[in-house]
Amino acid sequence: MLNLPIYNGLKKLECQCTCKHQNIICCNSCNSTILGGCCNVINDGGRQSSIIGGYYNEAAFLTRNSSIIGGCCNILDNNVCESTILGGFNNCIYHSCRSSIIGGRGHDMYCS
């Protein structure tokens, strides 16, 4: 699991430019995929989710049917379903369903 400091009440990825590990898909992440990129993680329970390219992106606990496409340091965190982050930097969708963030920097979406 990546180091996730608290930022405005939400976990945010700590970005770095060098990759210390490969892409990781953890246990109980059925039918999930990481295609390309570096240091991307699909954590425990990230079912039918994908990360396509980019680096330091994370689909965290209980992310379902959701995607991160490119970008850096984006996170789908805690019970996110049918949601997408399309590029950008340091964006977060937290505990939300059928939500999208398209590009930009530092956008947070939660409980929608």
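Let me sum up the structure you'll find in this document. None of these values were measured; they are calculated from a predicted model.

## As for the packing of aromatic side chains
Right, on to step 1. For the coordinates displayed, the defined rule picks out 1 aromatic pair.
Right, on to step 2. With a centroid separation of 6.3 Å and 75° between ring planes, the pair formed by Y55 and Y56 is classed as edge-to-face.

## Some points on the sheet that holds strand β12 (residues 100-102)
Right, on to step 1. Spatially, 5 strands are ordered β4-β6-β8-β10-β12 in an open sheet, and the strand pairing comes out parallel. Of all the strands in the sheet, just β4 (33-35) and β12 have a single pairing partner and so form its edges. Each adjacent strand pair in this sheet contributes to an overall mean axis angle of 0°, direction not counted.
Right, on to step 2. As judged from the 3 bridges shared by strand β6 (residues 50-52) and strand β8 (residues 67-69), these two strands associate in the parallel manner. Residue pairing across strands places I52 opposite I69, the latter belonging to β8.

## Focus on the pattern of salt bridges
Right, on to step 1. Taken as a whole and assessed by the stated rule, the structure comprises 1 salt bridge.
Right, on to step 2. R98 is the partner of E82 in a salt bridge, and the nearest nitrogen-oxygen pair spans 3.2 Å. Of the two residues, E82 sits in the loop between β9 (75-77) and β10 (84-86) while R98 sits in the loop between β11 (92-94) and β12, which places them 16 residues apart along the sequence.
Right, on to step 3. Residue classification places R98 among the exposed residues on the basis of a relative accessible area of 63%.

## A closer look at the state of the cysteines
Right, on to step 1. Evaluated as defined, the whole model comprises 1 disulfide.
Right, on to step 2. Through a disulfide, C81 is tied to C97; the S-S separation comes to 1.9 Å. Looking down the S-S bond of the C81 and C97 bridge, the torsion is 115°, so its handedness is right-handed. Of the two residues, C81 is situated in the loop between β9 and β10 and C97 in the loop between β11 and β12; the sequence distance between them amounts to 16 residues.
Right, on to step 3. Relative accessible area serves as the criterion here: at 27%, C97 is assigned to the partly exposed category.
Right, on to step 4. As a non-bridged cysteine, C26 has C27 as the owner of its nearest cysteine sulfur, 6.8 Å distant.

Criteria and thresholds
- Residues numbered from 1 in each chain as written.
- Predicted model: local features only at pLDDT ≥ 70, side-chain atom pairs only at ≥ 80, totals over all residues.
- Heavy atoms only, no water.
- Phe/Tyr/Trp six-rings, centres within 6.5 Å; stacked < 30°, edge-to-face > 60°.
- Pairing = 2+ DSSP bridges.
- Helix = DSSP H or I, 4+ residues; strand = E, 2+ residues; numbered from the N terminus.
- Axes fitted to C-alpha atoms, helices over the stretch in contact; angles between N-to-C directions.
- Salt bridge = Lys/Arg side-chain N within 4 Å of Asp/Glu carboxyl O.
- Buried < 20%, exposed > 50% of the residue type's maximum accessible area, 1.4 Å probe, protein only.
- Disulfide = S-S within 2.5 Å.

Functional significance is not addressed by these values, which are geometric in nature.
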